[in-house]
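# Remarks on the overall topology
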Amino acid sequence: MAWLAQRCGVQARIVGSAWGTDILLTPQRNAVMRWLTRRVLRACTLCTSDSAHMTQRMQHLGAGEVMTFPFGLEQMPPAPIPGHKNEALFFANRGLEPIYAPERVLAVFAHLAAQWPEARLVMANSGSLGPALQAQVAQQGLAERVTLVGRLGADEQARYYAQARWYLSLPQSDSVAVSVLEAMAHGAIPVLSDLPANRELVQDGRNGVILKDGQVLECASLQPLAQRADAVARELHEWVAEHALFPEAVSRYVQRLEALTP
């Protein structure tokens, strides 16, 4: 609509803020959506992106200047306290929709739980796959190990982030997700799907785990991280504080807008 208004004579310039689906999925739907995405990106004086991978895709589609910063945290939570995590607790809170693959989250945990009797999973959020996941939990005999808690408020969610040693996020497509940054800020070690944006956050085996398509999570693969879990949690917290605070990014963004204003 902004582009059409500009074409109709409105004296303004466009600033575009792209999210993962806009760039990573929408242009693949059909030729019309790809044409529209290109047209809008080319009309923008400035764009924002939340990952280097998405920035490259935007520039390939015709974007000019792109500022890259994650849509991160408003403020940092307290640093994780050594010894205060539940070492066997996994937390997942992406939407219960196909793109976020919650059924894979459950399958990955089920495989791990067979090796680790103490392991527990809390799945938050809501979505169209909620009833099917409840049935899957019952069918696999995981009712005592997996809890679906629905959509949580910010305070409840922060409490689970702070308690959980591990965080599961296995979407089929994604850019840098705020929920992953939140988990990292609370010192929850991320277990992520193998996507370019996730590899901008996690180095497999050093500060988290990257699972390739079809790969399951073995208890043995978590042991090296578990042995230095408090140090990893501290590093994750510090990385978010340095790279993913939204107010600082917005301040740079506003400065750039002012510089571009006649």
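Only a predicted model underlies this, so the values are computations on that prediction, with no experimental measurement involved. (Residues numbered from 1 in each chain as written. Predicted model: local features only at pLDDT ≥ 70, side-chain atom pairs only at ≥ 80, totals over all residues. Heavy atoms only, no water.)

The subject of this paragraph is the nonpolar core. With 58 residues, the main nonpolar core has Phe-90, Phe-91, Trp-116, Leu-121, Leu-168 and Leu-217 as its most contacted residues. Filtering out sequence-adjacent residues up to four positions away, Phe-90 remains in contact with Phe-109, Leu-112, Trp-116, Ala-119, Arg-120, Leu-121, Val-122, Trp-166, Leu-168, Leu-217 and Leu-222. (Core = buried A, V, L, I, M, F, W, Y, C linked by side-chain atoms within 4.5 Å. Buried < 20%, exposed > 50% of the residue type's maximum accessible area, 1.4 Å probe, protein only. Contact = heavy atoms within 4.5 Å.)

This part covers the pattern of salt bridges. Side chains that differ in sign of charge can pair as their charged atoms come close. One pass over the structure, following the stated rule, counts 7 salt bridges. Across the pair Arg-165 and Glu-87 runs a salt bridge, and its minimum N-O distance is 2.9 Å. Residue Arg-165 is located in strand 7 (residues 164–169), and its partner Glu-87 is located in strand 4 (residues 86–92); the two are separated by 78 residues in the primary sequence. Overall, Arg-165 belongs to the buried group, its relative accessible area being 1%. The partner of Lys-212 in a salt bridge is Asp-194, with the nearest N and O atoms 3.4 Å apart. You can see Lys-212 sitting in the loop between strand 9 (209–211) and helix 11 (219–227) and its partner Asp-194 sitting in the loop between strand 8 (189–193) and helix 10 (196–199), a full 18 residues away along the chain. (Salt bridge = Lys/Arg side-chain N within 4 Å of Asp/Glu carboxyl O. Helix = DSSP H or I, 4+ residues; strand = E, 2+ residues; numbered from the N terminus.)

Attention shifts here to the sheet that holds strand 2 (residues 44–49). An order of 1-2-3 is seen for the 3 strands of this open sheet, with the pairing classed as parallel. What marks the edges here is a single partner per strand, and that holds for strand 1 (14–17) and strand 3 (66–68). Ignoring strand direction, the axes of neighbouring strands in this sheet form an average angle of 20°. Examined bridge by bridge, strand 2 and strand 3 share 3 bridges and lie parallel to one another. Looking at strand 3, one finds that Thr-48 is bridged to Met-67. (Pairing = 2+ DSSP bridges. Axes fitted to C-alpha atoms, helices over the stretch in contact; angles between N-to-C directions.)

With that out of the way, let us pick up the environment of Gln-59. With respect to the helices and strands, the residue Gln-59 is situated in helix 5 (residues 52–60). What makes Gln-59 partly exposed here is its relative accessible area of 41%. Taking C-alpha positions, Gln-59 is 10.0 Å from Cys-47, a pair spaced 12 residues apart along the chain. Apart from the residues within four sequence positions on either side, Gln-59 is in contact with Gly-64 and Val-66.

Right, let's talk about the layout of surface pockets for a bit. Of the voids in this model, the largest pocket is the one considered here, and its volume is about 520 Å³. Trp-19, Arg-94, Tyr-100, Ala-177 and Val-178 are, among the 25 residues lining the largest pocket, the residues nearest its centre. Among the elements of the structure, helix 2 (20–24) and helix 9 (178–185) are those that each provide at least two residues to the lining of the largest pocket. No other element matches helix 9, which puts 3 residues into the lining of the largest pocket. (1 Å grid on protein atoms, 1.4 Å probe; cavity = no way out; pocket = protein on both sides within 12 Å on 5 of 7 lines; lining within 4 Å. Points joined across faces, edges and corners; volume = space filled by probe spheres on them.)

By way of backbone hydrogen bonds, the strands of a sheet pair with one another, either parallel or antiparallel. Overall, parallel pairing links the 6 strands, which are arranged 6-5-4-7-8-9 in an open sheet. The open sheet is flanked by strand 6 (146–150) and strand 9, the only strands paired with a single partner. The mean angle between the axes of side-by-side strands here comes to 20°, regardless of whether they run parallel or antiparallel. Contacts between helix 9 and the sheet are confined to strand 7 and strand 8, with strand 7 contributing the most and set at about 165° to the helix.

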